[in-house]
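What follows is each chain in one-letter form.
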Amino acid sequence: MAESGAVAGVERHGRPRDPENDAAILNAALDLLIERGATGTSIEAVAQRAGVAKLTVYRRWRSKEDLLMAALEHARAPDMDTAPAGQSIDELISSIAELLSRPRFRALMARVIGASVDYPQLVSAYTERYLRPRLDALTETARQAIDAGTFPPHTDPRVIQDILTGSIGFVLLQHEQDVTAAQVEQRLQALLRHIGYQP
């Protein structure tokens, strides 16, 4: 993500940036977002957790919202940066289930959802930059599955998308700490079978 008012790798005042400081700040922001939510996270707390001066953070990001968005972008790679285009429905369900089985990922996404009231721009940016392309790819995967006979021929691919995204949201809002990938995968497959899914 391009930073507000700064050129990548360079401080606003022209000094070279320390990549280790960048990583420490972003990791601290992500940890605090998970622990306290967006409202409970501050630039001061991030700087303290990262072991840097508050000015060091402000030189990179003008506001808490900019910093949190950068932290979410930082958290994506490498596990969350590949859209599901080209995957079969079976492969897609398996990859979704594996991701949802991670307590840290579920906690992070629950915090993002919870930020929608006080920080709608943060959630909107995350939705447009990360979720929307993947939802579009999911719909295309559903169309290919229908063409391949995995679903009845007149199935609406948007229904498949709605079932999967709704189920993902449900799992994210649960407080189960020991949910397994196999359990999530079975749940998703069971729901899709109700509209004719044949794995």
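The shown structure was predicted, so the numbers you read here are calculated from the model rather than taken from an experiment.

Draft legend 1. Molecular detail of the overall build of the protein chain. Helices and strands together make up the secondary structure of the protein chain, namely nine helices and zero strands. Start at the N end of the protein chain and walk to the C end: the helices and strands fall as α-α-α-α-α-α-α-α-α. Classification of the 199 residues of the protein chain by burial places 42% in the buried group. The contacts in the protein chain between residues at least 6 apart in sequence include a share of 70% that link residues at least 24 apart. Here the protein chain displays about 10500 Å² of accessible surface, and carbon together with sulfur accounts for 52% of that area.

Draft legend 2. Fine view of the confidence of the model for the protein chain. When pLDDT is averaged along the protein chain, the result is 82, and 84% of the positions lie at 70 or above. When pLDDT is averaged over each element of the protein chain, helix H2 (residues 43-50) comes out on top at 97 and helix H7 (residues 120-147) at the bottom at 83. Note on residues 1-11: pLDDT under 50 across the span, and 26 contacts to partners over four residues away in sequence or across chains. pLDDT under 50 marks residues 79-83. Its contacts with residues more than four places away, or in other chains, come to 13 contacts.

Draft legend 3. Broad picture of the pattern of salt bridges. Enumeration over the complete set of coordinates arrives at seven salt bridges. Between Lys-54 and Glu-44 there is a salt bridge whose closest N-O contact spans 3.6 Å. On the criterion of sequence distance, the pair formed by Lys-54 in helix H3 (residues 54-60) and Glu-44 in helix H2 is long-range, its members being 10 residues apart. Assessed through its relative accessible area of 40%, Lys-54 is described here as partly exposed.

Draft legend 4. Looking closely at the packing of helix H1 (residues 19-36) against helix H6 (residues 103-114). Running from N to C, H1 and H6 point in directions that differ by 75 degrees, and their axes come no closer than 8 Å. Viewed along their axes, H1 and H6 adopt a mutual orientation that is roughly perpendicular. Residues Leu-30, Asp-31, Leu-33, Ile-34, Glu-35 and Arg-36 of H1 form the contact with H6, whose participating residues are Arg-104, Ala-107, Leu-108 and Arg-111. The residue makeup of the contact of H1 with H6, split by class, is five nonpolar, no polar and five charged.

Draft legend 5. Geometry of the environment of Val-179. Inspection of the secondary structure puts Val-179 in the loop between helix H8 (157-172) and helix H9 (181-193). Between the C-alpha atom of Val-179 and that of Arg-102, which follows or precedes it by 77 residues, the distance is 8.3 Å. Not counting chain neighbours up to four residues away, the residues in contact with Val-179 comprise Leu-100, Ser-101, Arg-106 and Val-184.

Draft legend 6. Expanded view of H9. Taking 1.5 Å per residue, 13 residues should reach 18 Å; H9 reaches 18 Å between its end C-alpha atoms and fits that length. Here H9 has its buried residues at Val-184, Leu-188, Gln-189 and Leu-192. Projected down its long axis, H9 carries its buried residues within an arc of 130 degrees, all on one side.

Draft legend 7. Here's a closer look at the nonpolar core. Leu-67 and Leu-192 are the most contacted members of the largest nonpolar core, which has 57 residues in total. Those elements that provide at least two residues to this core are H1, H2, helix H4 (64-76), helix H5 (89-100), H6, H7, H8 and H9. The dominant element in this core, judged by the number of residues it contributes, is H7, at nine residues. Ignoring any residue separated from it by four or fewer positions in sequence, one finds Leu-192 in contact with Ile-89, Ile-93, Phe-151, Ile-160, Ile-163, Leu-164 and Tyr-197.

Draft legend 8. Just the environment of Gln-189, in detail. By the element assignment, Gln-189 lies in helix H9. The exposure class of Gln-189 is buried, given its relative accessible area of 15%. Gln-189 has contacts with Ile-93 and Tyr-197, leaving out every residue within four places of it along the chain.

Draft legend 9. Structural detail: H2. When we look at burial in H2, the residues that qualify are Ile-43, Ala-45, Val-46, Ala-47 and Ala-50. Downstream of H2 by a residue or two, Gly-51 has a phi angle that is positive, lying close to 75 degrees.

The rules behind each value
All residue numbers refer to positions counted from 1 along the written sequence of the respective chain. At least 70 in pLDDT is required for a residue's local features to be given in this predicted model, at least 80 for side-chain atom pairs to be given and counted, and no such filter applies to totals for whole chains, interfaces and linings, which use all residues. Only hydrogens and water are set aside when side-chain values are computed; all heavy atoms of the structure are taken into account. Under the scheme used here, helices are H or I runs from DSSP no shorter than 4 residues and strands are E runs no shorter than 2 residues, and both carry numbers assigned from the N terminus. Per-residue accessibility, obtained with a 1.4 Å probe over protein chains only, is compared with the maximum for each type, and a residue is labelled buried under 20%, exposed over 50%, and partly exposed between these values. Contact definition: two residues touch when any of their heavy atoms are within 4.5 Å. For every accessible area listed, the method is Shrake-Rupley and the probe measures 1.4 Å; residues are considered covered only by the protein chains on display. Known as pLDDT, the predictor's confidence for each residue is given on a scale from 0 to 100. Between Lys or Arg on one side and Asp or Glu on the other, a salt bridge is scored when a side-chain nitrogen of the former is within 4 Å of a carboxyl oxygen of the latter. Convention adopted: a line fitted to C-alpha atoms gives each axis, helices being fitted over their contacting stretch, and angles between N-to-C directions are expressed from 0 to 180 degrees. In these notes the angle categories are as follows: under 35 degrees is roughly parallel, over 145 is roughly antiparallel, 65 to 115 is roughly perpendicular, and the rest is oblique. Polar here means any residue other than Ala, Val, Leu, Ile, Met, Phe, Trp, Tyr, Cys and Pro, which are nonpolar, and Asp, Glu, Lys and Arg, which are charged; Gly is therefore polar. In this scheme, a helix's expected span is set at 1.5 Å multiplied by one less than its residue total. Directions drawn from the helix axis to the C-beta atoms are what define this arc. To qualify as a nonpolar core, a set must consist of buried Ala, Val, Leu, Ile, Met, Phe, Trp, Tyr and Cys residues joined through side-chain atoms within 4.5 Å.

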